[in-house]
Amino acid sequence: MTTAPTMTDPATTHSEGAVCGFSHAGITVADLDRSIAFYELLGYEVCARWIRTEEYLRELVGYPTVDLHAAILRNDRVGVFLEVLEYKNIERKEIDPANGNPGTAHICLFVEGFEALWERLKAAGVESVSDPVSPTVGPNKGALAIYLIDPDGHRVELVETKRNLDGTLR
């Protein structure tokens with residue numbers, strides 16, 4: 001495993017290589033079908049699904065015997081794909097995906113009609129960390145926000161706001 005450099009070299013320029021976009025967010029799940037059903041509640045649809053066992057992929061993910069079951073989900077209003085992965089034919093260990101544990105992550109989705117969406121999600125049995133809150137500081141001040149818990153414990157933040165994290169208007 002490589003580690004990130006601790007300092008930026010001021011002589012490095014973008015012509016030497018640069019990140020130029022965001023492709024997708026990937027999450028590992030215990031049950032692909034169950035997770036697809038959860039994300040469909042958020043308006044995602046399956047646009048591709050496959051099982052991969054090719055050697056290059058096994059090398060890439062670091063599991064020489066894995067059967068990788070995957071679904072690519074999209075929500076045309078979001079613009080970023082969500083890759084949902086179920087690793088099979090390997091030993092798996094549950095982790096504690098609570099917010100404060102190093103190595104965990106969350107995704108955040110902008111929403112419109114927060115209250116109606118939250119009522120539908122509650123009716124479907126979706127769990128959350130808390131009830132909806134209204135931030136009192138920062139770019140989301142006065143907005144509505146909640147952390148949902150997906151079937152594997154991943155946190156999915158929903159926020160209804162008019163601003164991006166840098167304070168610019170959406």
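Everything here concerns the structure above.
Described in the following lines is the structure provided in the data block.

What counts and how
- Residues numbered from 1 in each chain as written.
- Predicted model: local features only at pLDDT ≥ 70, side-chain atom pairs only at ≥ 80, totals over all residues.
- Heavy atoms only, no water.
- Core = buried A, V, L, I, M, F, W, Y, C linked by side-chain atoms within 4.5 Å.
- Buried < 20%, exposed > 50% of the residue type's maximum accessible area, 1.4 Å probe, protein only.
- Helix = DSSP H or I, 4+ residues; strand = E, 2+ residues; numbered from the N terminus.
- Contact = heavy atoms within 4.5 Å.
- Polar contact = N/O pair within 3.5 Å; in protein donor to acceptor, adjacent residues only side chain to side chain.
- Salt bridge = Lys/Arg side-chain N within 4 Å of Asp/Glu carboxyl O.

Observations regarding the nonpolar core
Then, number 1: Membership of the largest hydrophobic core comes to 25 residues, with the highest contact counts inside it found for Y39, L42, L148, V156 and L158.
Then, number 2: Elements that contribute at least two residues to this core include exactly β1 (24-28), α1 (32-41), β3 (67-74), β4 (81-88), β5 (106-110), α3 (114-123), β7 (144-149) and β8 (155-160).
Then, number 3: With sequence-adjacent residues up to four places away left out, V156 is seen in contact with F38, Y39, L42, I107, L109, I146, Y147 and L148.

So, the side chain of R58
Then, number 1: Structurally, R58 is set in helix α2 (residues 55-61).
Then, number 2: Given a relative accessible area of 15%, R58 falls into the buried group.
Then, number 3: Here V66 takes part through its backbone oxygen, which lies 2.7 Å from a polar atom of the side chain of R58.
Then, number 4: A polar side-chain atom of R58 sits 3.1 Å from a polar atom in the side chain of D67.
Then, number 5: The contact partners of R58, leaving out residues within four places of it in the chain, are T53, Y63, P64, T65, V66 and D67.

A look at the pattern of salt bridges
Then, number 1: Enumeration over the complete set of coordinates arrives at 9 salt bridges.
Then, number 2: Note that E112 is salt-bridged to R77, the shortest N-O span being 2.6 Å. Placement of E112 in the loop between β5 and α3 and of R77 in the loop between β3 and β4 is noted, with a sequence separation of 35 residues between them.
Then, number 3: With relative accessibility at 66%, the residue R77 sits in the exposed group.
Then, number 4: K122 is paired through a salt bridge with E119; the nearest N and O atoms lie 3.2 Å apart.

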